[in-house]
Amino acid sequence: MKAIDETMSIYQILSEYPFLLKIFKQHGMEKFENKEVLEKLGPLLKLKTALSMVSVNKDSFIELLNQAVVSNEAKGDFTLADSPERQKELTLLALLPCGMKMPFNRAFDDFSSEYSRQINNVLHSLVEGNVNHELSYYAYIDLVTSIDELPDIIVSSDINSFYHKPFQENFLNKEYFVTLNSSPMNRDFESIGFADPRGQFTMISANLLVLVTIDELMKDNPKPESWEDILKDEYRNRVVMRGQDGFFCNGVLLPFYRLYGMEGIKKLASSVYTGIHPSEMVKMIDSKKDDVPPMYIMPLFFARKIQDKSRITINIPSEGAIVSPVQMLVKKSAVERVKEITDFLCGKEFGKISARAFFPTTNPEVENNLKGIKLYWLGWDFLMNTDIGTLKKEVEVVFNEHFYETGGMV
């Protein structure tokens, strides 16, 4: 890249690097967002002159622009699926549930822009959806052995490889991370023992899994009152859950195993008609067709997006809405360096944003408005005393065998 300097015109800079407009706007030069102004004034106005007009320090601003360009070019087509080893270049990596990603991005973009301006440096971060990383990034994590290969902050979703035996032995048992949760945390989560007793994971939020029924299609069958009810023979091939290409959501399978054992997994496989993304479940329900399954295990976020709620019931089974965790790992060695970032992620304002999107927060100052919704959490005893990685493989094999045997649809 050619380094940006004070002699370049505003038009030249923003034409070549349009993503720099955000930095210009943060420093009082939002008029260049107007295409007409940029095309008429931009070619005539040198950067040096523009900065003097708004009383911005020239050297600091130019350094900030060049750092942003370097950061952007360094990322290139960097995705975790293609280059998981490049995660060590990041300060923050976030792998989020669908539904949480958009509100997180909006809030974090505003925060990171201001943060970068204050420290006069670029915050290196990557935010991606959690879907499908079970088969890519999380498989890579099982092979990582050095703390230097990890970002300072990792936000992740579901019961993933950070709970597997290799990561426990290489990192958690060596206490490389530290929890930043308030004690006590939000009462909704304090009551289920959500805080990590080892003080490693910072639990931020949860993706709540509920059971949606299309009432008119339930016919003579009563609506299930418990998760165990959907394992009954009369519900064979009548349930939809998240999955694709032979992979089904561990956020559902592990709790069913915990509650009902491997027999429960076999019965669940018989009940499941197909596995699709929750957004597809919403479309299926809203199609109002009478040849679709009547029951859907889906996140509360997506259940709330169903248009005609008069046809459905969002059921909270007696065991509780299943808690699929959103957690954060913060390197103990980086705690002071990243304090402003973690304060934001654990703070009240982001907690409110999360709760409004139906991802309840652990922040004790925020009201989650769960309206008496009971929560079911796997529990730390189970997570710490079980070889989770091996168990997931065993459950997957048993589930898939019975799913295909009983006529499940891929």
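Residues numbered from 1 in each chain as written. Predicted model: local features only at pLDDT ≥ 70, side-chain atom pairs only at ≥ 80, totals over all residues. Heavy atoms only, no water.

Caption draft 1: Fine view of the overall build of the protein chain. Across its full length, the protein chain carries 16 helices and 12 strands. For the C-alpha atoms alone, the extent of the protein chain along its principal axes is close to 75 × 50 × 40 Å. Residues classed as buried in the protein chain amount to 54% of the 410 residues present. The long-range fraction of contacts in the protein chain, counting pairs at least 24 apart against all pairs at least 6 apart in sequence, stands at 76%. Accessible surface for the protein chain amounts to roughly 18,500 Å². Of this, 48% is attributable to carbon and sulfur atoms. Looking at charge distribution, the protein chain has the averaged site of its 46 positive side-chain charges lying 4 Å from that of its 57 negative ones. (Helix = DSSP H or I, 4+ residues; strand = E, 2+ residues; numbered from the N terminus. Buried < 20%, exposed > 50% of the residue type's maximum accessible area, 1.4 Å probe, protein only. Contact = heavy atoms within 4.5 Å. Areas by Shrake-Rupley, 256 points an atom, 1.4 Å probe, with all protein chains shown as cover. Lys, Arg positive; Asp, Glu negative; His and termini not counted. Charge placed at Lys NZ, Arg CZ, Asp CG, Glu CD.)

Caption draft 2: Structural detail: helix 14 (residues 348-356). Restricting attention to buried positions, one finds in helix 14 the residues Phe350, Gly351, Ser354 and Ala355. Each buried residue of helix 14 sits inside an arc of 140° when the element is viewed along its axis, so together they form one side. With respect to the buried face of helix 14, the exposed residues turned more than 90 degrees away are Glu349 and Arg356. Residues of helix 14 that are buried in the fold lie against helix 6 (101-119), strand 4 (201-214) and helix 13 (339-346). (Arc of directions from axis to C-beta.)

Caption draft 3: Broad picture of the packing of aromatic side chains. Enumeration according to the criterion identifies 29 aromatic pairs in this entry. The interplanar angle of 90° and the centroid separation of 6.0 Å between the aromatic rings of Tyr138 and Phe162 together place this pair among those described as edge-to-face. Taken together, the residues span a long stretch of sequence, with Tyr138 in helix 7 (residues 137-141) and Phe162 in the loop between strand 3 (153-157) and helix 8 (165-170) at a distance of 24 residues. Assessed through its relative accessible area of 1%, Tyr138 is described here as buried. For the ring pair Phe194 and Trp377, a centre distance of 4.9 Å and an interplane angle of 85° mean the geometry is edge-to-face. (Phe/Tyr/Trp six-rings, centres within 6.5 Å; stacked < 30°, edge-to-face > 60°.)

Caption draft 4: Here's a closer look at the nonpolar core. By size, the foremost hydrophobic cluster in this structure holds 111 residues, and its most contacted members are Tyr137, Val155, Ile230, Phe256, Met298 and Phe399. Per-element accounting of this core gives the leading share, 10 residues, to strand 4. In this structure, Ile10, Leu38, Ala50 and Leu64 belong to the second largest nonpolar core, which totals 24 residues. (Core = buried A, V, L, I, M, F, W, Y, C linked by side-chain atoms within 4.5 Å.)

Caption draft 5: Here's a closer look at the pattern of salt bridges. Evaluation of the coordinates by the stated rule reveals 16 salt bridges. Across the salt bridge formed by Glu36 and Lys40, the nearest N and O atoms sit 3.2 Å from each other. Remark: Lys40 and Glu36 occur in helix 3 (residues 35-41); sequence separation between them is four residues, near one turn of the helix. On the basis of relative accessibility, which here comes to 48%, the residue Glu36 falls in the partly exposed class. Judged by its relative accessible area of 59%, Lys40 is exposed. Arg337 serves as the salt-bridge partner of Asp152, at 3.1 Å between the closest nitrogen and oxygen. Of this pair, Asp152 sits in the loop between helix 7 and strand 3 while Arg337 sits in the loop between strand 11 (321-330) and helix 13, placing them 185 residues apart in sequence. Asp152 gets classed as buried once you look at its relative accessible area, which sits at 12%. (Salt bridge = Lys/Arg side-chain N within 4 Å of Asp/Glu carboxyl O.)

Caption draft 6: View of the packing of helix 6 against helix 13. One way to put it is that helix 6 packs onto helix 13 with a least axis distance of 11 Å and a crossing angle of 155°. In terms of axis orientation, helix 6 runs roughly antiparallel to helix 13. For the pair helix 6 and helix 13, the sense of crossing is right-handed. Facing helix 6, whose interface residues are Phe104, Ala107, Phe108, Phe111, Tyr115 and Gln118, helix 13 presents Glu340, Ile341, Phe344 and Leu345. Considered class by class, the residues forming the contact of helix 6 with helix 13 number eight nonpolar, one polar and one charged. (Axes fitted to C-alpha atoms, helices over the stretch in contact; angles between N-to-C directions. Parallel < 35°, antiparallel > 145°, perpendicular 65-115°, else oblique. Left-handed = near helix turned anticlockwise from the far one by under 90°. Nonpolar A, V, L, I, M, F, W, Y, C, P; charged D, E, K, R; others polar.)

Caption draft 7: Quick look at the packing of helix 10 (residues 250-271) against helix 16 (residues 388-405). Two elements in contact, helix 10 and helix 16, have axes whose closest approach is 10 Å; the angle formed by their N-to-C orientations is 45°. With respect to their mutual orientation, helix 10 and helix 16 come out oblique. Helix 10 and helix 16 meet at a crossing whose hand is left-handed. Only Ile388, Leu391, Lys392, Glu394, Val395, Val398, Phe399, His402 and Phe403 of helix 16 make contact with helix 10, whose side of the interface consists of Asn250, Leu253, Leu254, Tyr257, Met262, Ile265, Lys266, Leu268 and Ala269. A class-by-class count of the residues in the contact of helix 10 with helix 16 yields 13 nonpolar, two polar and three charged.

Caption draft 8: Summary view of the side chain of Ser270. Its location among the elements puts Ser270 in helix 10. Residue class for Ser270 comes out buried when judged on its relative accessible area of 17%. Each residue touching Ser270, except ones within four places of it in the same chain, is listed here: Arg236, Asn237 and Thr406.

Caption draft 9: Main features of the environment of Glu396. You can see Glu396 is positioned in helix 16. When the C-alpha atoms of Glu396 and Ile265 are compared, they prove to be 9.1 Å apart, with 131 residues separating the residues in sequence.

Caption draft 10: The arrangement of the UniProt feature "domain: DUF1858" (unreviewed entry) in the protein chain in detail. Following the UniProt record, the feature "domain: DUF1858" (unreviewed entry) maps to residues 4-62 here. Taken as a whole, residues 4-62 contains 54% helix and 0% strand, while its terminal C-alpha atoms sit 7 Å from one another. (UniProt positions renumbered as here; feature names shortened; annotations may be inferred.)

Caption draft 11: Layout of the domain arrangement of the protein chain. Split by domain assignment, the protein chain resolves into domain 1 (10-74) and domain 2 (207-321 + 393-406). Computed from C-alpha atoms alone, the centre-to-centre distance between domain 1 and domain 2 is 51 Å. (Domains from an automatic or database assignment.)

Caption draft 12: Spatial organisation of unusual backbone geometry. Ser183 connects to Pro184 through a cis peptide bond whose omega is 0°. Turning to its location among the elements, Pro184 is positioned in the loop between helix 8 and helix 9 (187-190). Backbone geometry places Asn237, a non-glycine residue, at a positive phi of 55°. Positive phi is not limited to glycine here, since Phe358 has a value of about 70°. Here Phe358 is to be found in the loop between helix 14 and strand 12 (375-376).

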